[in-house]
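# Observations on the three-dimensional arrangement
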Amino acid sequence: MLLVLAMAAALWGVGRLTGAPRSARVYMVGLLFVAVVGLHLILPDGHPLREATGGEAAPWLILGGFVVLWAAYARVLRRVRARVEAQEGAARPAPEPGRFADGELDRYARHIVLRELGGPGQKRLKQARVLVVGAGGLGSPALLYLAAAGVGTIGVIDDDAVDATNLQRQVIHRDDRIGMPKVFSAEAAMTGVNPFVTVRPYHRKLTEDIAGALFEDYDLILDGCDSFDTRQLVNRVAVAQGKPLVSGALSQWEGQVSVFDPAHEGPCYACVFPEKPAAGLAPSCAEAGVLGPLPGVVGSMMAVEAVKVITGAGAALRGEMLIYDALWGETRRIALKRAEACPVCGGDAGRRSR
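Please read all numbers here as calculations on a predicted model, not as lab measurements. (Residues numbered from 1 in each chain as written. Predicted model: local features only at pLDDT ≥ 70, side-chain atom pairs only at ≥ 80, totals over all residues. Heavy atoms only, no water.)

## Re the overall build of the chain
Along its length, the chain carries 15 helices and eight strands. Residues counted as buried form 44% of the 354 residues belonging to the chain. Of the contacts formed within the chain by residues at least 6 apart in sequence, a portion of 63% connects residues at least 24 apart. As presented, the chain carries roughly 18500 Å² of accessible surface, and 59% of it is formed by carbon and sulfur atoms. (Helix = DSSP H or I, 4+ residues; strand = E, 2+ residues; numbered from the N terminus. Buried < 20%, exposed > 50% of the residue type's maximum accessible area, 1.4 Å probe, protein only. Contact = heavy atoms within 4.5 Å. Areas by Shrake-Rupley, 256 points an atom, 1.4 Å probe, with all protein chains shown as cover.)

Below you can see the structure in the form of structure tokens.
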């Protein structure tokens, strides 16, 4: 029996060292358990394999029952803890839309003394409604900073759940929330930072049939997803509704951020990235890896651009892309142009016709 337990520990340890998701490690240990129980049910009494694995199936079945009970208890405990955190965050009454609650202005004092923001800029943030697509690497810092900055209503849509492999870079989530839907984990963190903001979590995949109605409720869209098809969908709907889009992307040591806003003479995402990259040319973070702090840098830049777009401070990255190379500590800006006859925003021809 000790031999099997040692094998299970070895499988778990190797999986953790190689970065395998927690679900995959649980699956492998579960297969080992099923194989051992199967041996005891199939092989005759006294068989060497049965003797080497405990002699009978009963201890293994009892152990499996305890593991199932513990897993169920842990799952229920995580859900209860998340509900308590959400209730604690909502304990302070929310003020009327666009109005500051007593003591709330003290929270934003460092904003208000900025000449480019001041009280009017903070009020615009309070009245703003921002939707963030993705609660992963880029969404994590963007959501936290938008909440801390006092953006009044923040929506977040993501169909994924927190996994151990996320925690190296997705700082909005915690170890005790593994298995929880990311949008609810993000909601707990955001209301913990600022209970005066309204968070709208959407635990589902963004699809064509819901995107239009969802985007109508927001003034600004932030796209931090890692799917090209979803990025194109976000861009199409944002262009159709005249909503500015702050877009960020990551790859290993490099990140980029831009503001796509054809309504203000800039290009759209499809002008710059009209076609899906060939297989292997744009590997995901899971395939190519990504530096842990990099999403924090780029996601924070996205939050900065969002604040600038909402308040009108400075010059947002419309028609420009900022590229950050973390490996060499370099940044560069490149100009982006509208593509001629872009099928999404109309490109140069569409601009001339207006």
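## What about the sheet that holds strand S2 (residues 153–157)?
One open sheet accounts for eight strands, arranged S3-S2-S1-S4-S5-S6-S7-S8; its pairing is mixed. A single partner strand is all that each edge strand has here, and the edge strands are strand S3 (198–202) and strand S8 (330–335). When the angles between neighbouring strand axes are averaged without regard to direction, this sheet yields 15°. Pairing geometry for strand S6 (residues 254–260) and strand S7 (residues 320–325), over five bridges, is antiparallel. (Pairing = 2+ DSSP bridges. Axes fitted to C-alpha atoms, helices over the stretch in contact; angles between N-to-C directions.)

## Observations concerning the packing of aromatic side chains
According to the stated counting rule, one finds four aromatic pairs in the structure shown. When the centroid spacing of 6.3 Å and the interplanar angle of 50° are considered together, the rings of phenylalanine 228 and tyrosine 269 count as tilted. Pair noted here: phenylalanine 228 is in helix H11 (residues 228–240) and tyrosine 269 is in helix H12 (residues 269–272), with a separation of 41 residues, a long-range link. Seen from their ring centres, phenylalanine 260 and tyrosine 269 are 5.7 Å apart, and the 85° between their planes marks the pair as edge-to-face. By relative accessible area, which is 2% here, phenylalanine 260 ends up buried. The exposure class assigned to tyrosine 269 is buried, which follows from its relative accessible area of 7%. The structure contains a cluster of three or more aromatic residues connected by ring pairs, namely Phe228, Phe260, Tyr269 and Phe273. (Phe/Tyr/Trp six-rings, centres within 6.5 Å; stacked < 30°, edge-to-face > 60°.)

## What about the nonpolar core?
Residues Val130, Leu143, Leu146, Val151, Met190, Leu220 and Leu222 are the most contacted members of the largest nonpolar core, which totals 42 residues. Those elements that provide at least two residues to this core are strand S1 (129–133), helix H8 (139–149), S2, helix H9 (182–193), strand S4 (220–223), S6, helix H14 (294–311) and S7. Top contributing element to this core by residue count: H14, with eight residues. Those residues in contact with leucine 143, other than ones at most four positions away along the chain, are Val132, Ala135, Ile154, Val156, Ile172, Ala186 and Met190. Of all hydrophobic cores here, the second largest spans 22 residues; its members include Phe215, Cys225, Tyr269 and Leu336. (Core = buried A, V, L, I, M, F, W, Y, C linked by side-chain atoms within 4.5 Å.)

## Details of a nonpolar patch on the surface
Residues Ile62, Phe66 and Leu69 make up a contiguous nonpolar surface patch of roughly 360 Å² in combined accessible area. On the secondary structure map, leucine 69 appears in helix H4 (residues 58–89). (Patch = residues over 30% accessible without salt bridge, like charges linked within 9 Å, V, L, I, M, F, W, Y side chains within 5 Å. Salt bridge = Lys/Arg side-chain N within 4 Å of Asp/Glu carboxyl O.)

## Let's talk about the side chain of glutamate 104
Mapped onto the fold, glutamate 104 is located in helix H5 (residues 104–107). Given a relative accessible area of 0%, glutamate 104 falls into the buried group. At 2.8 Å, the side chain of glutamate 104 and the backbone nitrogen of alanine 101 are in polar contact. (Polar contact = N/O pair within 3.5 Å; in protein donor to acceptor, adjacent residues only side chain to side chain.)

## Focus on the pattern of salt bridges
Opposite charge on two side chains allows them to pair when their charged atoms are near. With the rule as written, the count across this model stands at 12 salt bridges. For glutamate 254, the salt bridge goes to arginine 332, with nearest N and O atoms at 3.5 Å. In this pair, glutamate 254 sits in strand S6 while arginine 332 sits in strand S8, placing the two residues 78 residues apart along the sequence. Notably, a salt bridge pairs lysine 308 with glutamate 305, separated by 2.9 Å at the nearest N-O pair. Linking lysine 308 with glutamate 305, this pair stays in helix H14, spanning three residues, or about one helical turn.

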